[in-house]
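Chain residues, written in single-letter form:
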Amino acid sequence: MSASLEKGINALTQQVDSTVAAFFTSCVHCGMCAEACLFYTETGNPAATPIHKTEPLRRIWKSEYTLQGRIGKALGLTAKVDEALLSEWETLVYDNCTLCGRCSMVCPMGLDIALLIRKTREGMAAAGHAPEGLIGATTRAITIGSPMGVKLPALMAQIKHVEKDSGLKIPLDVEGAEYMLLLSSMEIMNFPEFISAIAKIFSKANVSWTISTQAFEATNSGIQIGVTDIAAELVQRIVDAAEKLKVKTVISPECGHAYMAIRWDGPNLIGKPFTFKVRHILEVLDELRKDGRLKITGKEKQRLTYHDPCQVSRRGGVIDQPRNLIDLFAENFVEMPDHGKMGWCCGAGGGVSSNERADEVRLKAFQRKKDQLDEIKPDAIISACSNCRINLEDGLEENNMEIPLLSLTETLAEHLAD
Amino acid sequence: MSEIEFLNWVRGPGFQIAIIIFVAGVIIRFAEILLLGRKPNLAEAKGSEMRGGLCTIVSRSFPDKNTFQRSAFTEVSGWIFHGGLFITIFLFAPHILMFKDIIGFGWPALPTPVIDAMTVVTIIALLAILVHRINNRALRFISTKEDYFVWLITILPLITGYLAFHRIGMTAPTLLAIHILSVELLMVIFPFTKLMHAFTITLSRWYNGAISGYRGVES
């Protein structure tokens with residue numbers, strides 16, 4: 001056995017706990033997860049059936065943690081995990097899954113299939129079977145501090161522009177601030193308007209906040225590729241900065257997996273509870289709304305819909321907040337046929353957007369979102385994840401559909417009363 | 001071995017062996033799962049694990065509209081054959097007598113013609129499920145030998161029970177012995193195949209609901 005295969009098998013073995021065992025024991029191969037997955041419904045590729053993607057992990061569970069599997073292993077009957085299996089599964093686990101978790105909501109046996117696929121990635125990555133694009137993004141995140149290679153000077157340049165355009169000061173490294181804002185590289189490079197929107201809202205609502213120059217990157221390639229050590233290191237950088245500045249709450253920006261990484265995985269990755277709270281920007285804004293600190297003027301007359309970022313809504317629990325906020329300024333809001341916790345993924349989360357090899361299947365999978373949009377024909381789509389936003393724009397362009405994409409935070413900022 | 005000796009064996013030692021394997025197997029499988037344990041969640045909770053877990057145990061039997069539409073056959077046939085199995089196993093008078101023998105108490109039975117009809121309905125549902133498994137692209141692709149084997153072992157007691165009740169093809173003692181033997185076969189493979197889902201479904205749904213519930217989402 002090669003050293004990398006052994007590493008992969010060890011990593012898979014470490015992933016098995018009572019949830020994994022209960023899940024695999026309960027699977028009856030009913031196939032309902034296939035119908036919940038846009039990589040199956042839009043391509044008809046049976047190998048994209050969610051539970052099938054977990055096969056490497058299932059084999060390890062069976063051969064190491066079940067009586068019949070161990071007997072079978074001794075007799076040479078239980079199926080093994082080998083190089084061939086891992087190479088074959090690489091595209092299933094990384095290109096054909098966004099970890100959106102819709103399958104986990106549908107499985108009649110209650111398997112959290114997305115969790116099983118996430119755990120399978122740990123073994124794949126350890127064995128060296130991760131896509132080039134994700135390896136690159138992860139390496140940049142560790143060495144440079146951002147998956148897109150955004151360094152502090154780039155952020156500083158954008159902040160300078162924002163300050164000039166808005167006339168507002170962006171507070172940097174303020175000790176004792178209530179909130180510490182994180183940003184995704186995508187926001188820094190493609191959507192700096194997000195920073196000015198936050199500055200505007202927080203200044204009007206009189207919120208004490210800051211950005212740390214030591215840890216401003218919110219994204220976490222470690223959880224996408226499935227390497228716990230790297231994910232933990234990236235979380236630790238944020239924890240160190242938040243503790244140094246003694247902030248009360250860290251804000252995760254409009255990015256799905258960044259929220260999952262810092263809010264739900266973070267403390268478990270570093271092995272201790274945080275000394276501060278973590279909130280998604282929409283949760284913070286909704287709190288301000290509840291406290292009457294958001295004064296809104298003017299209503300959007302156009303037909304608006306909301307695209308639920310999977311890691312924010314279904315996997316993150318931030319479902320009502322965006323709707324409460326949209327209600328403040330939208331007169332004509334319409335939900336997609338399946339929304340909230342049952343929303344359909346944009347097709348590019350979970351590292352798929354960093355993986356060029358997956359471009360073709362990603363655009364095919366986008367058909368699901370297109371069909372949803374065709375049904376309600378909105379004038380504009382609001383979302384709260386810049387990765388969803390870029391992918392939706394890309395998909396719409398491919399399909400010659402002209403529907404603008406809006407950030408919820410930015411749209412809200414535009415409707416603030418002077 | 002005469003047919004009476006055969007019947008006595010399956011009713012006596014055969015049944016005891018099957019029960020021992022079934023009970024010990026189920027206990028071992030549960031121990032295998034639970035002893036693995038689960039790390040405590042260190043993230044600040046947004047909702048209750050217990051509430052989410054308990055809700056999902058119930059709610060997962062009733063899918064949302066879109067899921068139902070996409071998997072209508074699986075849902076409906078699943079309900080019918082599970083209901084049919086429950087009724088034929090637990091509400092047939094002679095079965096209740098047998099349970100009374102083992103556990104000391106019984107319960108009211110359904111009229112025999114109802115059980116007879118339900119047996120036919122359940123057999124038809126299981127046959128339809130097999131056809132669906134073979135015809136559906138994703139389902140055929142993910143199906144393993146175990147899936148077909150378990151299907152066979154599940155339908156056998158229904159068929160042998162029907163034949164025994166109507167005394168078709170063989171003498172009554174032989175038919176009854178074959179029926180009991182088919183049930184014993186089911187009991188013996190039960191803990192070591194996907195049939196275990198009958199017990200672990202509660203655990204698995206609880207975990208699913210608990211994971212989501214902790215994050216404030218009802219799954």
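Residues numbered from 1 in each chain as written. Chains lettered and ligands numbered in written order. Predicted model: local features only at pLDDT ≥ 70, side-chain atom pairs only at ≥ 80, totals over all residues. Heavy atoms only, no water.

Within chain B, the regular secondary structure consists of 10 helices and 0 strands. Expressed as lengths along the three principal axes of its C-alpha atoms, the size of chain B is roughly 70 × 35 × 35 Å. Within chain B, buried positions represent 41% of all 219 residues. For chain B, the proportion of contacts with a sequence separation of at least 24, taken over those separated by at least 6, is 71%. Carbon and sulfur atoms make up 73% of the accessible area of chain B, which amounts to about 11600 Å² in all. (Helix = DSSP H or I, 4+ residues; strand = E, 2+ residues; numbered from the N terminus. Buried < 20%, exposed > 50% of the residue type's maximum accessible area, 1.4 Å probe, protein only. Contact = heavy atoms within 4.5 Å. Areas by Shrake-Rupley, 256 points an atom, 1.4 Å probe, with all protein chains shown as cover.)

The subject of this paragraph is empty space enclosed by the protein. All names here are of chain A. Overall, the coordinates contain 5 cavities of 30 Å³ or more when judged by the stated rule. Of the pockets and cavities examined, the largest cavity occupies roughly 130 Å³. Lining the largest cavity we find 16 residues, and of these Gly256, Gln311, Gly349, Gly350 and Cys385 sit closest to its centre. Every element with two or more residues in the lining of the largest cavity is listed here: α16 (256-270) and α21 (386-398). Two domains each put at least three residues into the lining of the largest cavity: domain 2 (135-289) and domain 3 (294-414). (1 Å grid on protein atoms, 1.4 Å probe; cavity = no way out; pocket = protein on both sides within 12 Å on 5 of 7 lines; lining within 4 Å. Points joined across faces, edges and corners; volume = space filled by probe spheres on them. Domains from an automatic or database assignment.)

Quick look at the pairing of strand β7 (residues 380-383) of chain A now. Residue and element names in this part refer to chain A. Burial of the side chains of β7 extends over both faces: Ala380 and Ile382 are buried on one face and Ile381 and Ser383 on the other. Across 3 bridges, the pairing between β7 and strand β8 (residues 405-407) is parallel. Along β8, the bridge assignment pairs Ile381 with Leu405. With α21 bridging β7 and its parallel neighbour β8, the resulting β-α-β unit is right-handed. (Pairing = 2+ DSSP bridges. Right-handed = clockwise from strand over helix to strand, strands pointing away.)

Residues and elements named next belong to chain A. Given a rise of 1.5 Å per residue, 13 residues ought to cover 18 Å, and the 19 Å separating the end C-alpha atoms of helix α1 (residues 3-15) matches this to within 8%. Listing the buried residues of α1 in full gives Leu5, Gly8, Ile9, Ala11, Leu12 and Gln15. One side of α1 carries all its buried residues, which in axial view fall inside an arc of 160°. For α1, exposure combined with an orientation more than 90 degrees from the buried face picks out Ala3, Lys7 and Gln14. (Expected span 1.5 Å × (residues − 1). Arc of directions from axis to C-beta.)

Below, the discussion takes up the state of the cysteines. All names here are of chain A. This model, assessed by the stated rule, comprises 0 disulfides over all chains. Free cysteine: Cys255, not disulfide-bonded; nearest cysteine sulfur from Cys385 at 5.1 Å. For Cys255, a relative accessible area of 5% corresponds to the buried category. As a non-bridged cysteine, Cys385 has Cys388 as the owner of its nearest cysteine sulfur, 3.6 Å distant. (Disulfide = S-S within 2.5 Å.)

Looking at the secondary structure, you find A:Ser18 in helix α2 (residues 18-26). In contact with A:Ser18, other than residues within four places in its own chain, are B:Ile33, B:Leu36, B:Gly37, B:Arg38 and B:Tyr207.

Opposite the 49 residues of chain B that make contact, chain A presents 67 residues. Summing the contributions of chain B and of chain A, the shared interface buries around 4700 Å²; its carbon and sulfur component is 57%. Sorting the residues of chain B by area buried against chain A places B:Leu42, B:Arg70 and B:Arg215 first, and these three jointly supply 15% of that buried surface. Seen at the junction of chain B and chain A, the total is 3 salt bridges. At the junction of chain B and chain A, the tally comes to 29 residue pairs in polar contact (both at pLDDT 80 or more). Elements with a minimum of two residues in the side of chain B that touches chain A: α1 (3-34), α3 (65-70), α4 (72-90), α7 (137-142), α8 (145-166) and α10 (197-214) of chain B. In terms of residues, the side of chain B that touches chain A owes the most to one element, α10(B), which gives 10 residues. Its residues assigned to classes, the side of chain B that touches chain A comprises 19 nonpolar, 13 polar and 17 charged. (Buried area = accessible area lost by both parts, 1.4 Å probe. Salt bridge = Lys/Arg side-chain N within 4 Å of Asp/Glu carboxyl O. Polar contact = N/O pair within 3.5 Å; in protein donor to acceptor, adjacent residues only side chain to side chain. Nonpolar A, V, L, I, M, F, W, Y, C, P; charged D, E, K, R; others polar.)

Residues in a regular strand project their side chains so that they alternate between the two faces of the sheet. All names here are of chain A. Across 4 bridges, the pairing between strand β3 (residues 249-252) and strand β4 (residues 277-280) is parallel. By the bridge assignment, Ser252 is partnered in β4 with His280. For the segment spanning β3, α16 and β4, crossover handedness is right-handed.

Counted by the stated rule, this structure contains 16 aromatic pairs over all chains. An angle of 70° between the planes, with centres 6.3 Å apart, marks the rings of A:Trp264 and B:Tyr214 as edge-to-face. On the criterion of chain membership, the pair formed by A:Trp264 in helix α16 and B:Tyr214 in helix α10 is interchain, its members lying in two chains. There is no split in this pair, since A:Trp264 and B:Tyr214 are both buried. Aromatic ring contacts, followed pair by pair, group B:Phe86, B:Phe90, B:Phe99, B:Phe105 and B:Trp107 into a single cluster. The lysine or arginine in question, A:Arg102, covers the ring of A:Trp344, its NZ or CZ lying 3.7 Å from the ring centre. One residue, A:Arg263, lies across the ring of A:Trp264, its end atom 3.9 Å from the ring centre. (Phe/Tyr/Trp six-rings, centres within 6.5 Å; stacked < 30°, edge-to-face > 60°. Lys NZ or Arg CZ within 6 Å of the ring centre and 35° of its normal.)

Residues and elements named next belong to chain A. Its boundaries defined by the atoms lining it, the second largest pocket holds a volume of some 1300 Å³. Forming the walls of the second largest pocket are 41 residues, and the residues nearest its centre are Gln15, Leu115, Lys119, Asp265 and Asn268. Looking at the lining of the second largest pocket residue by residue, the classes come out as 16 nonpolar, 13 polar and 12 charged.

Next up on the list: the packing of helix α2 (residues 49-59) of chain B against α10(B). Residues and elements named next belong to chain B. Close contact between α2 and α10 brings their axes to 6 Å; oriented N to C, the two are set at 130°. It follows from the interaxial angle that α2 and α10 lie oblique. In terms of crossing hand, the pair formed by α2 and α10 is right-handed. Side by side, α2 and α10 meet where Glu49, Met50, Gly52, Gly53, Leu54, Thr56, Ile57 and Val58 of the first sit next to Thr202, Arg205, Trp206, Asn208, Gly209, Ala210, Gly213 and Tyr214 of the second. In the contact of α2 with α10, the residues fall into 7 nonpolar, 7 polar and 2 charged. (Axes fitted to C-alpha atoms, helices over the stretch in contact; angles between N-to-C directions. Parallel < 35°, antiparallel > 145°, perpendicular 65-115°, else oblique. Left-handed = near helix turned anticlockwise from the far one by under 90°.)

Since there are 3.6 residues in each turn of an α-helix, residues three or four apart along the chain are aligned in direction. Along its 19 residues, α4(B) runs 27 Å from first to last C-alpha, staying within 8% of the 27 Å computed at 1.5 Å per residue. If you check which residues of α4(B) are buried, you get B:Thr74, B:Glu75, B:Ser77, B:Gly78, B:Phe81, B:Gly84, B:Leu85 and B:Thr88. Structurally, α4(B) contributes buried residues whose contacts are with α3 (32-36) of chain A together with α3, α5 (93-103), α6 (112-135) and α8 of chain B.

Before going further, it helps to spend a moment on unusual backbone geometry. All names here are of chain A. For Asn206, which is not glycine, the phi dihedral falls at a positive 60°. Mapped onto the fold, Asn206 is located in the loop between α13 (193-204) and β2 (209-210). On the basis of relative accessibility, which here comes to 67%, the residue Asn206 falls in the exposed class. One non-glycine residue with positive phi stands out, namely Lys377, at about 45°. Its location among the elements puts Lys377 in the loop between α20 (367-376) and β7.

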